[in-house]
Amino acid sequence: MRRLALSALVAIAFAPSALAQLPSAKTVDLGGGIHVIFGQGGNIGVSTGPDGVFVIDDQYPGTAPANLAKIREIAGAGPRYLVNTHWHGDHAGGNAAFAEAGAMIFAHENVRKRLSGQVKSIGLNGQPAPTSPEPAWPVVTFTSGVDFHLNDETILVSKMRMSHTDGDSIIRFVEPNIIHAGDIFFNGIFPVIDLGSGGSVKGYLAAMEEIWAMADDKTRIIPGHGDMAAKADLRKQIDMLTGAIAAVEKHVKAGDSLQKTVAAKPLKPWSKYAWSFISEDSFTTTLYNGLKQ
Ligand SMILES: [Zn+2]
């Protein structure tokens with residue numbers, strides 16, 4: 001089942017026909033020059049102003065022309081700075097097109113290592129993920145984080161612990177109190193925890209708790225996937241994951257096989273979190289394998 005989930009993601013990343021099945025793009029204005037582009041792939045954050053357009057993530061190669069047009073419409077200019085929250089093709093797939101449009105790409109060093117193939121990411125089919133062409137590689141890399149001072153805003157980019165992958169960053173717009181959580185937050189659906197890219201089940205939970213602790217009741221959170229969220233929504237997601245981990249861990253500790261664990265349907269209480277890429281069974285498998293590590 002896990003294998004199916006990843007091949008679906010890979011297929012989406014490379015098959016334009018599959019994109020048509022995903023929800024169409026919508027843009028939300030958060031005020032203060034900050035916008036979010038929702039649609040196919042990861043949610044894109046955009047900060048506009050006199051110092052240049054700052055963008056978080058860029059979805060797929062196939063969606064890049066429409067997203068660049070949308071950014072020019074919002075900002076009156078193309079992207080100048082781009083931060084990748086992590087290497088996945090539904091967040092960094094548009095890198096080459098965005099670089100061509102004038103964006104300088106920033107990311108944690110592990111994002112560059114994985115996009116360039118210096119470190120291989122193992123897909124859920126057990127095969128190494130394809131390497132991206134050089135124009136897609138971040139040109140500025142960091143280890144713990146980088147701060148931007150643009151458009152009268154302080155924008156803090158912070159590397160998180162091994163969680164969704166080994167190269168996840170979150171981005172905080174300090175004054176307007178907005179956090180882009182990347183794929184450390186799938187709002188209302190089972191998350192992808194990419195064990196083949198250095199992800200960690202317990203690390204994922206801890207990283208969510210860290211973001212929760214950074215937020216206050218007024219913080220607006222842009223999740224990697226799903227609708228805009230508040231701190232309370234993040235808590236619901238943390239509670240789901242805490243319960244799901246405990247339910248699967250019981251089987252791991254009892255020495256049950258993966259097959260037996262999946263057959264026991266331990267995630268039944270959270271079945272409403274299943275979605276097209278991550279079924280109850282595939283998420284059970286991820287948690288089992290991650291907890292066994
Ligand atoms: Zn991802």
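Refer to the preceding data block for the structure.
In this text, all values refer to a predicted model and were calculated from it rather than measured experimentally.

Caption draft 1: Region of the structure containing the coordination of the zinc ion. Every protein donor of the zinc ion is accounted for by His86 (NE2), His88 (ND1), His164 (NE2) and Asp183 (OD), and the metal-donor separations fall at 2.1 to 2.2 Å. Between the four donor atoms coordinating the zinc ion, the angles at the centre fall across 87 to 173°, so the site counts as irregular. Donor residues for the zinc ion, ordered by position in the chain, follow H-x1-H-x75-H-x18-D. Here histidine 164 lies in the loop between β9 (153–159) and β10 (169–173) and histidine 88 lies in the loop between β5 (79–83) and α4 (95–100), a separation of 76 residues in the sequence. Taking relative accessible area as the criterion, histidine 88 reaches 10% and is therefore assigned buried.

Caption draft 2: Structural detail: the packing of aromatic side chains. Under the defined criterion, the tally for this structure stands at nine aromatic pairs. Aromatic side chains phenylalanine 54 and phenylalanine 148 sit 4.9 Å apart centroid to centroid with 65° between the ring planes, which places their arrangement in the edge-to-face category. Of the two residues, phenylalanine 54 sits in strand β4 (residues 53–56) while phenylalanine 148 sits in strand β8 (residues 145–150), which places them 94 residues apart along the sequence. By the burial criterion, phenylalanine 54 is buried, and phenylalanine 148 matches it. Phenylalanine 54 gets classed as buried once you look at its relative accessible area, which sits at 0%.

Caption draft 3: Up close: the packing of helix α6 (residues 201–214) against helix α7 (residues 231–253). The geometry of α6 relative to α7 is characterised by a closest axis approach of 10 Å and an angle of 160° between their N-to-C directions. Taken together, the axes of α6 and α7 are roughly antiparallel relative to one another. α7 is crossed by α6, and the crossing has left-handed handedness. Note on element contacts: α7 touches α6 through Lys231, Leu234, Arg235, Gln237, Ile238, Leu241, Thr242, Ile245 and Glu249, opposite Val201, Lys202, Tyr204, Leu205, Met208, Glu209, Ile211 and Trp212. When grouped by side-chain class, the residues that make up the contact of α6 with α7 number 10 nonpolar, two polar and five charged.

Caption draft 4: The sheet that holds strand β11 (residues 178–180), seen in detail. Pairing is mixed across the open sheet formed by five strands, whose spatial order is β8-β9-β10-β11-β12. The sheet terminates laterally at β8 and β12 (220–222), the two strands that pair on one side only. Averaged over all pairs of adjacent strands, the angle between their axes in this sheet comes to 15°, without regard to strand direction. As paired elements, β11 and β12 share three bridges and run parallel to each other.

Caption draft 5: Geometry of the side chain of aspartate 90. Mapped onto the secondary structure, aspartate 90 falls in the loop between β5 and α4. The charged side chain of aspartate 90 is buried without a salt bridge, its nearest counter-charge being arginine 114 at 13 Å. Separated by 3.2 Å, the side chains of aspartate 90 and histidine 225 make a polar contact. The residues touching aspartate 90, leaving out its near neighbours within four places in the chain, are Gly41, Gly42, Gln59, Tyr60 and His225.

Caption draft 6: Structural detail: α6. Here α6 is 14 residues long and its end C-alpha atoms lie 20 Å apart, about the 20 Å a rise of 1.5 Å per residue gives. If you check which residues of α6 are buried, you get Val201, Gly203, Tyr204, Leu205, Ala207, Met208 and Ile211. The inward-facing, buried residues of α6 abut β10, β11, α7 and α9 (280–292). The N-terminus of α6 is capped by serine 200, whose side-chain oxygen sits 2.9 Å from the backbone nitrogen of glycine 203.

Caption draft 7: Expanded view of the nonpolar core. Of all hydrophobic cores here, the largest spans 39 residues; its most connected members are Phe283 and Leu287. No other element matches α7, which puts nine residues into this core. Listed in part, the 18 residues of the second largest apolar core include Ile56, Tyr81, Val83 and Phe106.

Caption draft 8: Structural context of the side chain of serine 169. In this fold, serine 169 is placed in strand β10. Among the residues examined, serine 169 registers a relative accessible area of 1% and is labelled buried.

The rules behind the values
- Residues numbered from 1 in each chain as written.
- Predicted model: local features only at pLDDT ≥ 70, side-chain atom pairs only at ≥ 80, totals over all residues.
- Heavy atoms only, no water.
- Donors = N, O, S within 2.8 Å, 3.2 Å for Na, K, Ca; no water.
- Tetrahedral: all angles 85-135°; square planar, octahedral: opposite > 155°, others 65-115°.
- Helix = DSSP H or I, 4+ residues; strand = E, 2+ residues; numbered from the N terminus.
- Buried < 20%, exposed > 50% of the residue type's maximum accessible area, 1.4 Å probe, protein only.
- Phe/Tyr/Trp six-rings, centres within 6.5 Å; stacked < 30°, edge-to-face > 60°.
- Axes fitted to C-alpha atoms, helices over the stretch in contact; angles between N-to-C directions.
- Parallel < 35°, antiparallel > 145°, perpendicular 65-115°, else oblique.
- Left-handed = near helix turned anticlockwise from the far one by under 90°.
- Contact = heavy atoms within 4.5 Å.
- Nonpolar A, V, L, I, M, F, W, Y, C, P; charged D, E, K, R; others polar.
- Pairing = 2+ DSSP bridges.
- Lys, Arg positive; Asp, Glu negative; His and termini not counted.
- Salt bridge = Lys/Arg side-chain N within 4 Å of Asp/Glu carboxyl O.
- Polar contact = N/O pair within 3.5 Å; in protein donor to acceptor, adjacent residues only side chain to side chain.
- Expected span 1.5 Å × (residues − 1).
- Core = buried A, V, L, I, M, F, W, Y, C linked by side-chain atoms within 4.5 Å.

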